[in-house]
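The residues making up each chain are set out below.
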Amino acid sequence: MKFIGMDTHSRTSTFVVLGKNGRVLQRARVASTEKELLGFVRSVKGEKKLTFEEGVMSQWLYLLLKEEVDELVVCQPREKEGPKTDEIDAGEIADLLRVGRLKAVFHDDTDLMHLRTLVSGYGDVIQEITRTKNRYKALYRQVAISTDVPSFYTSTDMLDLLGTDVRRYVACTLFEQLGLLEEQRRGYLERFEANARKYKPIKLLTSIPGIGPVRANLIVAVMVTPHRFQDKYHLNSYAGLTKHERVSDGKLYGKKRAHGPVMLKYAFKSAALTSLKTDTEFRRKYDAMRSAGKDDRAARGAVARKVAATVLGVWKSGRKYSDRHMEVTRRRSRDCHSGA
């Protein structure tokens, strides 16, 4: 067995090949093109495993190379200390692969992986809309003009209130940018709604209170498949909805969240807030916890974990959300814990 570590960049990629005893068998630097990458990997004969760190090119590299090796591991980026070169980095991850010490990052070859690019683009547009609105509002606040009007971002009448040509010109450019960004946002929403009709998992998740087409697309883009998670506890940890104790020598040194995608945590927490406006099991759980003396933050966190568990159950079962089923399940769980 041979173990290949690859440190890749947009221009060049560096390979280090180790034998099963850790001895360096080969080093190479090639252009980061499909032809050169495939050429080198195919030149390494025999059984082989390949690893490289997660990055912007990871999905492309995964699809390109997964059929060329016996095992492909996309690993988490590591904190590096001491001397650093591409060759050192490639050699280190190759050795970690050899001894089985790498933590893999999930990748797949299904169409659902491509949703990540769409969701990421939508997030960029939303961030840019927020920044542009803040800059636009600042122009009015600088001259004490109230911005607390319903049509502030859509009415051209507000532009006439600015006293100088310079300020009005800058405001006009920002106003036009907002119009373009809003048009792009609507384009993303149309794609999200189309995906809800095209992909069964997204359609299933939209049946859950608090989850619309945007959140459903986001959740499916990050998770890709529910079978990655053994149970709801693993999903809660992955989504950053729970903390793990740090214990040494019998002493507790606080708690820490696992590293996971922030977007997934945001989707579950925002869905929980929306679900509290509905007359469903999510709202009833929140009210029950508040009545039991739990604070608002703890109750909302519990609802977010319930949303995550519901997503996992609905997706794995292939059946739409049923509030009646959720209520029956909750009563059984309560009776079981009370000893009934």
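Structure report, in brief. This is a predicted model, so every value here is computed, not measured.

### Observations regarding the nonpolar core
Core analysis: the biggest nonpolar cluster contains 46 residues, and Leu205, Ile211, Ile219, Met223, Phe268, Val307 and Val311 have the highest contact counts within it. Looking at this core, the elements that each hand over two or more residues are helix H4 (115-141), helix H5 (165-198), helix H6 (200-205), helix H7 (213-223), helix H9 (262-275), helix H10 (281-291) and helix H11 (296-317). Residue contributions to this core peak at 10 residues, all from H11. Residues in contact with Ile211, not counting those within four places in the same chain, are Leu205, Thr206, Ala216, Ile219, Ala271, Val307 and Val311. Val17, Leu38, Leu61 and Leu65 belong to the second-largest nonpolar core, a separate cluster that totals 20 residues.

### Description of H11
Helix length check: H11 (22 residues) gives 31 Å between terminal C-alpha atoms against 32 Å at 1.5 Å per residue, within 8%. Two residues or fewer after H11 comes Gly318, characterised by a positive phi angle close to 75°.

### Structural notes on the sheet that holds strand S5 (residues 71-75)
Strand order in the open sheet formed by five strands is S3-S2-S1-S4-S5, with mixed pairing between adjacent strands. For this open sheet the edge positions go to strand S3 (24-31) and S5, each flanked by a neighbour on one side alone. The mean inter-strand angle of the sheet, taken between neighbouring strand axes irrespective of direction, is 20°. Judged from the seven bridges that link them, strand S2 (residues 12-18) and S3 form a sheet pairing that is antiparallel. If you follow Ser13 over to S3, its bridge partner there is Val30. Sheet contacts for helix H2 (residues 58-65): strand S1 (2-8), strand S4 (48-53) and S5; angle to S4, the most-contacted strand, approximately 170°.

### A closer look at H4
Taking 1.5 Å per residue as the helical rise, H4 with its 27 residues ought to reach 39 Å, and the 39 Å between its terminal C-alpha atoms agrees with that figure. Listed in full, the buried residues belonging to H4 are Leu115, Leu118, Val119, Gly121, Tyr122, Val125, Ile129, Thr132, Tyr136, Leu139 and Tyr140.

### Considerations on the pattern of salt bridges
Evaluated as defined, the whole model comprises 16 salt bridges. Residue Arg29 pairs with Asp86 through a salt bridge whose shortest N-O separation is 3.4 Å. A residue pair is termed long-range when its members are at least 10 positions apart, and Arg29 in strand S3 and Asp86 in helix H3 (residues 86-98) qualify at 57 residues. Looking at Asp86, the relative accessible area reads 17%, which means it is buried. Arg185 is paired through a salt bridge with Glu182; the nearest N and O atoms lie 2.9 Å apart.

### A short note on the packing of H10 against H11
As a packed pair, H10 and H11 sit with axes 9 Å apart at the nearest point and diverge in direction by 150°. Judged by the angle between their axes, H10 and H11 are roughly antiparallel. Here the hand of the crossing between H10 and H11 comes out right-handed. Taking contact as the criterion, the partners of Glu281, Phe282, Lys285, Tyr286, Met289 and Arg290 in H10 are, on H11, Asp296, Ala298, Ala299, Arg300, Ala302, Val303, Lys306, Val307 and Thr310. In terms of residue class, the contact of H10 with H11 is built from eight nonpolar, one polar and six charged.

### Brief notes about a nonpolar patch on the surface
Among the surface-exposed residues, Val166, Tyr169 and Val170 lie close enough to one another that they form a single nonpolar patch of about 320 Å² accessible area. One can find Val166 in helix H5. Owing to a relative accessible area of 63%, Val166 belongs among the exposed residues under this scheme.

### Some details on the pairing of S2
With respect to burial, S2 is a largely interior element, six of its seven residues being buried. Here six bridges tie S1 to S2, and the two strands are oriented antiparallel to one another. Residue pairing for S2: Thr8 is matched across the bridge by Ser13. Hairpin geometry of S1 and S2 is characterised by an intervening segment of three residues between the two adjacent antiparallel strands.

Analysis parameters
- Residues numbered from 1 in each chain as written.
- Predicted model: local features only at pLDDT ≥ 70, side-chain atom pairs only at ≥ 80, totals over all residues.
- Heavy atoms only, no water.
- Core = buried A, V, L, I, M, F, W, Y, C linked by side-chain atoms within 4.5 Å.
- Buried < 20%, exposed > 50% of the residue type's maximum accessible area, 1.4 Å probe, protein only.
- Helix = DSSP H or I, 4+ residues; strand = E, 2+ residues; numbered from the N terminus.
- Contact = heavy atoms within 4.5 Å.
- Expected span 1.5 Å × (residues − 1).
- Pairing = 2+ DSSP bridges.
- Axes fitted to C-alpha atoms, helices over the stretch in contact; angles between N-to-C directions.
- Salt bridge = Lys/Arg side-chain N within 4 Å of Asp/Glu carboxyl O.
- Parallel < 35°, antiparallel > 145°, perpendicular 65-115°, else oblique.
- Left-handed = near helix turned anticlockwise from the far one by under 90°.
- Nonpolar A, V, L, I, M, F, W, Y, C, P; charged D, E, K, R; others polar.
- Patch = residues over 30% accessible without salt bridge, like charges linked within 9 Å, V, L, I, M, F, W, Y side chains within 5 Å.
- Areas by Shrake-Rupley, 256 points an atom, 1.4 Å probe, with all protein chains shown as cover.

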